[in-house]
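Residue-level structure breakdown
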Amino acid sequence: MARLESEAKGGFYPTPPDEMEFILKRIIGEDGATLSIFDPCAGKGNVVKQIKQHLEKKDCVPITYGIEIEKTRAREAVNQVDHMLACGYEDARISHNAFSFLYLNPPFMEIHGERAEKRFFRDLTEPDGYLSVGSLVVLNIPQYVLADVARLIATRLEQVRVYRFTNKNYDDYHQVIVYGYRRASGQGRDEQLQEYLENLSKRSQAPLNALDYPDWDEVSYMIPAQEKPVEIFTSTIVEPEDIIKSEVEIGFLDKVFAQVEDVRLQNGAMRQPAMPLKITHQVQAIQSGALPEHMGGHLLVAKDESVHTERLETDPDNGKQRLVETYVRKSVIRTFGPEGHLDLK
């Protein structure tokens, strides 16, 4: 599929279910083991669901985690993935050294002159990042992008094998699947692996076995059991619906109103100010509800008003007069009682 068409779709290429079935044939898990499955480009969640169903048939206990930046797809994925975030991975807070399997099908495009596939792989497999050492990584990228990520793969993965899509889909997608385990940091780079991957990026060289090549009995990848729970998996983006949901759950506004009412009830116990209050202070106190509106038989009404004044000034240089107008804000407390009203200024 053409690169421009890919970018028009936001680089979104969901893995065909039949190709995913062949990808999963080489993946196994320990019986009864809890597996933390992470797909940071989850789309509508269909692939994550397919992974989970495959591992459940292997008597494993998979817990799935997905991220999808496109909100329409993310809303659909909520029903397919155990824990789902609608954001980019850059805007997520996620536990480190917690995931035992990463399935990465990144956007097929360039971002600021760099392949997105390289950026995603670099950020999501970094040392002491989200993956535990020994976790399984499955990378789904176009074959010609292998050269861009070859050095990173040779530094961060071991026991690497590469397969291409089946004949049914390869001519349309030109995609390859890279299997490997996350290496411990500080082990250097496998230069032979890097050279091999760079050569594979040229489709005319070194033909690859297709995913349906029947070597499943000889080649399998075991997902290690989860070493520690995923305690943090949340978006840092606050959406309006998050605020509404939070308000409903914790009753935030009710608590604010209760605090205001509590202040009113405690007015009698308020401390006296260090210095006498000016009219302006008293006006603000009445307007805010900190002072009562009724005092004995009088009703207090506080307001600010604008006072307009005019005066003539003589210019000392030419002796001419000019009219000067000023507007000054005045704070007023108007008291109403049986004898009438009185303004305190």
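Up top you'll find the structure we're talking about.
Being a predicted model, the structure only gives us computed values, none of them experimental. (Residues numbered from 1 in each chain as written. Predicted model: local features only at pLDDT ≥ 70, side-chain atom pairs only at ≥ 80, totals over all residues. Heavy atoms only, no water.)

Notes on the overall build of the chain
- Counting its secondary structure elements, the chain contains 11 helices and 17 strands.
- A buried classification covers 40% of the 345 residues belonging to the chain.
- Contacts in the chain between residues at least 24 apart in sequence constitute 72% of all its contacts with a sequence separation of at least 6.
- Looking at the chain as shown, the accessible area adds up to about 19,900 Å², and 50% of this sits on carbon and sulfur atoms. (Helix = DSSP H or I, 4+ residues; strand = E, 2+ residues; numbered from the N terminus. Buried < 20%, exposed > 50% of the residue type's maximum accessible area, 1.4 Å probe, protein only. Contact = heavy atoms within 4.5 Å. Areas by Shrake-Rupley, 256 points an atom, 1.4 Å probe, with all protein chains shown as cover.)

Points about the sheet that holds strand β4 (residues 83-85)
- Across the sheet, which stays open at both edges, the seven strands sit in the order β4-β3-β2-β6-β9-β11-β10 with mixed pairing between neighbours. A single partner strand is all that each edge strand has here, and the edge strands are β4 and β10 (157-164). With strand direction ignored, the average angle separating the axes of adjacent strands in the sheet is 15°.
- Of the pairings in the sheet, the one linking strand β2 (residues 34-39) to strand β3 (residues 61-67) comprises six bridges and is parallel in character. Following the sheet pairing, serine 36 is matched in β3 by isoleucine 63. (Pairing = 2+ DSSP bridges. Axes fitted to C-alpha atoms, helices over the stretch in contact; angles between N-to-C directions.)

Observations regarding the side chain of serine 95
- Mapped onto the fold, serine 95 is located in the loop between β5 (92-94) and β6 (99-104).
- Residue classification places serine 95 among the buried residues on the basis of a relative accessible area of 8%.
- Of note is the side chain of serine 95, whose polar atom sits 3.0 Å from the backbone nitrogen of glutamate 231.
- One polar contact links the side chain of serine 95 to the main-chain amide nitrogen of isoleucine 232, over a distance of 2.7 Å.
- Sequence-distant contacts of serine 95, that is, excluding residues within four places in its chain, are made with Tyr130, Pro229, Val230, Glu231 and Ile232. (Polar contact = N/O pair within 3.5 Å; in protein donor to acceptor, adjacent residues only side chain to side chain.)

Things to note about helix α6 (residues 146-156)
- Those residues of α6 lying buried are Leu146, Val149, Ala150, Leu152, Ile153, Ala154 and Arg156.
- On the buried face of α6, the contacting elements are α5 (116-124), β9 (131-142), β10, β11 (175-182) and α8 (191-200).

Thoughts on the pattern of salt bridges
- Counted by the stated rule, this structure contains eight salt bridges.
- Between arginine 26 and aspartate 215 there is a salt bridge, and its shortest N-O distance comes to 2.8 Å. Separated by 189 residues along the polypeptide, arginine 26 in the loop between α2 (17-25) and β1 (27-29) and aspartate 215 in the loop between α8 and β12 (221-223) bring together distant segments of the chain. When sorted by exposure, arginine 26 lands in the same class as aspartate 215, which is buried.
- The shortest N-O distance in the salt bridge between arginine 122 and aspartate 123 comes to 3.6 Å.
- Ionic contacts of the salt-bridge type, sharing partners, join the residues Glu114, Arg119, Arg122 and Asp123 into one network. (Salt bridge = Lys/Arg side-chain N within 4 Å of Asp/Glu carboxyl O.)

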